[in-house]
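So you can see what is in the structure, the chains are spelled out below.
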Amino acid sequence: MTTGATELAERLARVRSRVAAAESAAGRPAGSVRLLLATKTQDAATVRAAVLADIAGAATTAGTARRVLLGENRVQELVAKGPDLADLAPELHLIGPLQSNKVNAALRWATCVQSVDSTALADRLARRCADDDRTLDVLVQVNVSGEPTKHGAAPQDALDVVRAVAGHHRLQLRGFMTVGANTPDERAVRAGYAALRDLRDKVSGSGEAGTGDAVELSMGMSRDLEAAVAEGATIVRIGTAVFGPRPVRAGVPGTAPAA
Ligand SMILES: *Cc1c(COP(=O)(O)O)cnc(C)c1O
């Protein structure tokens, strides 16, 4: 099922006004937060419709021509949808875990991997980039909430991953990513986001080689983007608030239960 273009445009406008209100409430300049559309489980036609709606929405705001930013969790989906979106030239980021046997496929489509959480993965990505004579933007994913179900480096290991990324000249350390605590307790959510900001400030201000551009904070999702923007997010990753609830996978991949 494909969500209608009008509905997507309306939801995008609502999300953009939430971001704008949060920027304003935090005393941050308008446009300081980028919107990444988290497209997991959405089919290529729906993603395409959202990209077109976002481009059309941007065109109504003078001077804000922008490249649409999309994030995929699974390399399989990146590879499947990439060709259908290529003519729209979106910026594609990987925001989910990356297994070693999927690195080549991921790098065919992604210009940034936001989910680098180990020195081993950094080394593997750097080797692949050297083979391809290219560079790759990287965010280090940190599990600030410590919830065991979450991906990301443990906070005490994050600096090792930072050093591994910064030490490879093919990898450009652009900042940090986290998935916020899954709790209605806004103070706990904000504490996690503040911790990621502190880490970013420490690293980008360290003066160490390869860390000066580590400015991005990719944090905040549909339920908590306001908390993330208040704590300094530069990228919010939004799925449900734009695409609606995701279909539940009922055992068979790609199938959704009759709604
Ligand atoms: C799904 C997902 C999002 C978007 O979550 P919503 O709650 O649907 O907005 C953001 N980041 C990551 C890593 C995700 O997996």
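Residues numbered from 1 in each chain as written. Predicted model: local features only at pLDDT ≥ 70, side-chain atom pairs only at ≥ 80, totals over all residues. Heavy atoms only, no water.

Caption draft 1: Focus on the packing of helix H6 (residues 158-166) against helix H7 (residues 186-204). Packing of H6 against H7 brings their axes to within 12 Å, and their N-to-C directions diverge by 40 degrees. What the angle tells us is that H6 and H7 run oblique. Crossing geometry of H6 relative to H7 is assigned as right-handed. Of the residues in H7, those in contact with Ala158, Leu159 and Val162 of H6 are Leu199, Lys202 and Val203. Its residues assigned to classes, the contact of H6 with H7 shows five nonpolar, no polar and one charged. (Axes fitted to C-alpha atoms, helices over the stretch in contact; angles between N-to-C directions. Helix = DSSP H or I, 4+ residues; strand = E, 2+ residues; numbered from the N terminus. Parallel < 35°, antiparallel > 145°, perpendicular 65-115°, else oblique. Left-handed = near helix turned anticlockwise from the far one by under 90°. Contact = heavy atoms within 4.5 Å. Nonpolar A, V, L, I, M, F, W, Y, C, P; charged D, E, K, R; others polar.)

Caption draft 2: Structural view of helix H3 (residues 75-85). Every buried residue of H3 is listed here: Val75, Glu77, Leu78, Lys81, Gly82 and Leu85. Projected onto a plane normal to the axis of H3, the buried residues spread over an arc of 135 degrees and lie on a single side. Of the exposed residues in H3, the ones pointing more than 90 degrees away from its buried face are Gln76 and Ala80. (Buried < 20%, exposed > 50% of the residue type's maximum accessible area, 1.4 Å probe, protein only. Arc of directions from axis to C-beta.)

Caption draft 3: Here's a closer look at unusual backbone geometry. Residue Thr41 is not a glycine yet carries a positive backbone phi of 70 degrees. With respect to the secondary-structure elements, Thr41 resides in the loop between strand E1 (34-38) and helix H2 (44-59). With a phi angle near 50 degrees, Ala89 is a residue other than glycine that sits in the positive phi range. Along the polypeptide, Ala89 turns up in the loop between H3 and strand E3 (91-94).

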